[in-house]
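Here's the letter readout for the chains.
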Amino acid sequence: DTAVSQTPKYLVTQMGNDKSIKCEQNLGHDTMYWYKQDSKKFLKIMFSYNNKELIINETVPNRFSPKSPDKAHLNLHINSLELGDSAVYFCASSQGRAGHYEQYFGPGTRLTVT
Amino acid sequence: SQQGEEDPQALSIQEGENATMNCSYKTSINNLQWYRQNSGRGLVHLILIRSNEREKHSGRLRVTLDTSKKSSSLLITASRAADTASYFCATDADGSLVTQGGSEKLVFGKGTKLTVNP
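Conventions and cut-offs
- Residues numbered from 1 in each chain as written.
- Chains lettered and ligands numbered in written order.
- Predicted model: local features only at pLDDT ≥ 70, side-chain atom pairs only at ≥ 80, totals over all residues.
- Heavy atoms only, no water.
- Helix = DSSP H or I, 4+ residues; strand = E, 2+ residues; numbered from the N terminus.
- Buried < 20%, exposed > 50% of the residue type's maximum accessible area, 1.4 Å probe, protein only.
- 1 Å grid on protein atoms, 1.4 Å probe; cavity = no way out; pocket = protein on both sides within 12 Å on 5 of 7 lines; lining within 4 Å.
- Points joined across faces, edges and corners; volume = space filled by probe spheres on them.
- Nonpolar A, V, L, I, M, F, W, Y, C, P; charged D, E, K, R; others polar.
- Pairing = 2+ DSSP bridges.
- Axes fitted to C-alpha atoms, helices over the stretch in contact; angles between N-to-C directions.
- Contact = heavy atoms within 4.5 Å.
- Salt bridge = Lys/Arg side-chain N within 4 Å of Asp/Glu carboxyl O.
- Polar contact = N/O pair within 3.5 Å; in protein donor to acceptor, adjacent residues only side chain to side chain.
- Core = buried A, V, L, I, M, F, W, Y, C linked by side-chain atoms within 4.5 Å.
- Patch = residues over 30% accessible without salt bridge, like charges linked within 9 Å, V, L, I, M, F, W, Y side chains within 5 Å.
- Areas by Shrake-Rupley, 256 points an atom, 1.4 Å probe, with all protein chains shown as cover.
- Lys, Arg positive; Asp, Glu negative; His and termini not counted.
- Charge placed at Lys NZ, Arg CZ, Asp CG, Glu CD.

Enquirer: Can you walk me through the environment of A:G84 in this structure?
Expert: All names here are of chain A. Turning to its location among the elements, G84 is positioned in the loop between strand 8 (73–78) and strand 9 (87–94). Under the relative-accessibility criterion, G84 is labelled exposed at 54%. Sequence spacing of G84 and H73 is 11 residues, and the spatial spacing of their C-alpha atoms is 26 Å.

Here's what the structure looks like:
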C-alpha cells in the first residue's frame, strides 16, 4: 500500500491556467508538507500543515493555495501558472514536528508549464 | 535560506567500494537527517541523528555528526549499483532562532549525486 500518494504524476499545461495537485497519506500522520524541487534538484519547503492548520507558509506567491480538508489530505492549487512554476512538487508527511521525525515523501508531480 | 551543503556534488565509484558524502551546515541544530532520492522518485529517509549523538549505523550506512565543526558525513560501505542515487542532508534549523523542541521545517542541502558502476 502506498504511504503517500500524489495525483497526477505528470501535469503539462499552458501559462495562465489553474491546476491542482492532490496528496493523500495513509500513515495516520499529523503533519503534511509541500515541497518544490527545481531543475537543479534543490528542494525547498513551501507549506506545512499540522492537523489541518497551516503552520509554515514560506515566501510563496499567493497564486499557490494549499488546502487540507482533513489531516490525511493536503492539496495544492495553483492559479495563473507561470513558466517559472515548472518543477517537481513533492508532498510529504511526518508523525510530528519536522525536526524530530522522518518524513515520508510522495512520488512527486512533474509540472511543466508551456 | 539554505542550511546544508553537501560535498562532493557528484561522486562516481565502482561497485564494492565505499562512498563518503559530507554535509556542512551553518547554525545550531537539534537533529540532522539523511535522505536518498532515486532518479524520478520521491525522497526516502535513511537516518536521523540527534545533536547529542556522534555516530549512528543502519545496515551498510554509517552517519557521523560533529557539532563543533557543524558537519556530518554519510558513509556507504560495500556499495552496490542499486545505491546509485542523490543523497541529501537536512537540518531542522535555517539560521533563525531555534526554539526548544526544534524547528517546524527541514532545510535540505543541494545533494550529492552518487553513481556506482557495476
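That covers the picture; the talk isn't over yet.
Enquirer: Hey, could you run me through the layout of surface pockets in this one?
Expert: The gaps left among the atoms become clear once a water-sized probe is rolled over them. The volume enclosed by the largest pocket comes to roughly 260 Å³. Class assignment of the residues belonging to the lining of the largest pocket gives a composition of 6 nonpolar, 8 polar and 5 charged.

Enquirer: Looking at this structure, how should I read the sheet that holds strand 1 (residues 5–7) of chain B?
Expert: Through backbone hydrogen bonds, the strands of a sheet pair up, either in parallel or in antiparallel fashion. Residues and elements named next belong to chain B. On the basis of which strands lie adjacent, the open sheet formed by 5 strands has the order 1-3-8-7-6 and antiparallel pairing. Looking at strand neighbours, the two that pair on one side only are strand 1 and strand 6 (55–58), the edges of this open sheet. If you compare each strand with its neighbour and ignore which way they point, the axes differ by 20° on average. Judged from the 6 bridges that link them, strand 3 (residues 19–24) and strand 8 (residues 71–76) form a sheet pairing that is antiparallel. Residue pairing for strand 8: N22 is matched across the bridge by S73.

Enquirer: Would you mind showing me how to read the interface of chain A and chain B here?
Expert: Contact residues are listed per partner, giving 23 residues for chain A and 25 residues for chain B. Counting the contacts that link chain A with chain B gives 1 salt bridge. For B:K105, the salt bridge goes to A:E58, with nearest N and O atoms at 3.0 Å. Of all the secondary structure elements, the ones that give two or more residues to the side of chain A that touches chain B are strand 4 (31–37), strand 5 (43–50) and strand 6 (53–57) of chain A. Split into classes, the residues belonging to the side of chain A that touches chain B amount to 12 nonpolar, 6 polar and 5 charged.

Enquirer: Please explain the pattern of salt bridges as it appears in this structure.
Expert: Side chains that carry opposite charge are capable of pairing whenever their charged atoms lie near each other. The tally for this structure, following the rule as stated, stands at 8 salt bridges over all chains. Put simply, A:K44, A:E58 and B:K105 are held in one network by salt bridges that share partners.

Enquirer: Honestly, the side chain of B:D83 in this entry has me stumped. Any pointers?
Expert: Residues and elements named next belong to chain B. Turning to its location among the elements, D83 is positioned in the loop between strand 8 and strand 9 (85–91). Take D83: its relative accessible area is 10%, and that puts it in the buried class. Within the structure, the side chain of D83 is placed 2.8 Å from the backbone nitrogen of R80, a separation counted as a polar contact. Dropping the residues within four chain positions of it, D83 is found in contact with R60, I76, L114 and V116.

Enquirer: Explain the nonpolar core here, please?
Expert: One recurring pattern in soluble globular proteins is that nonpolar side chains are buried together. Judged by nonpolar contacts, the single largest core of 21 residues is most densely connected at B:M21, B:L32, B:W34, B:L74, B:I76, B:Y87 and B:L114. If you list the elements that add at least two residues to this core, you get strand 3, strand 4 (31–37), strand 5 (43–50), strand 7 (61–66), strand 8, strand 9 and strand 11 (112–117) of chain B. Among all residues touching B:L74, those that are not within four sequence positions of it are B:A19, B:T20, B:M21, B:W34, B:L46, B:L61, B:R62, B:V63 and B:Y87. Counting 19 residues, the second-largest nonpolar core is a separate cluster that includes A:L11, A:F47, A:L76 and A:L111.

Enquirer: Is there a simple way to think about a positive patch on the surface in this case?
Expert: Judged by side-chain charge, A:K9, A:K41, A:R110, B:R41 and B:K113 come together as a positively charged surface patch. For A:K9, the position within the fold is in the loop between strand 1 (4–7) and strand 2 (10–13).

Shape descriptors only; they carry no functional weight alone.
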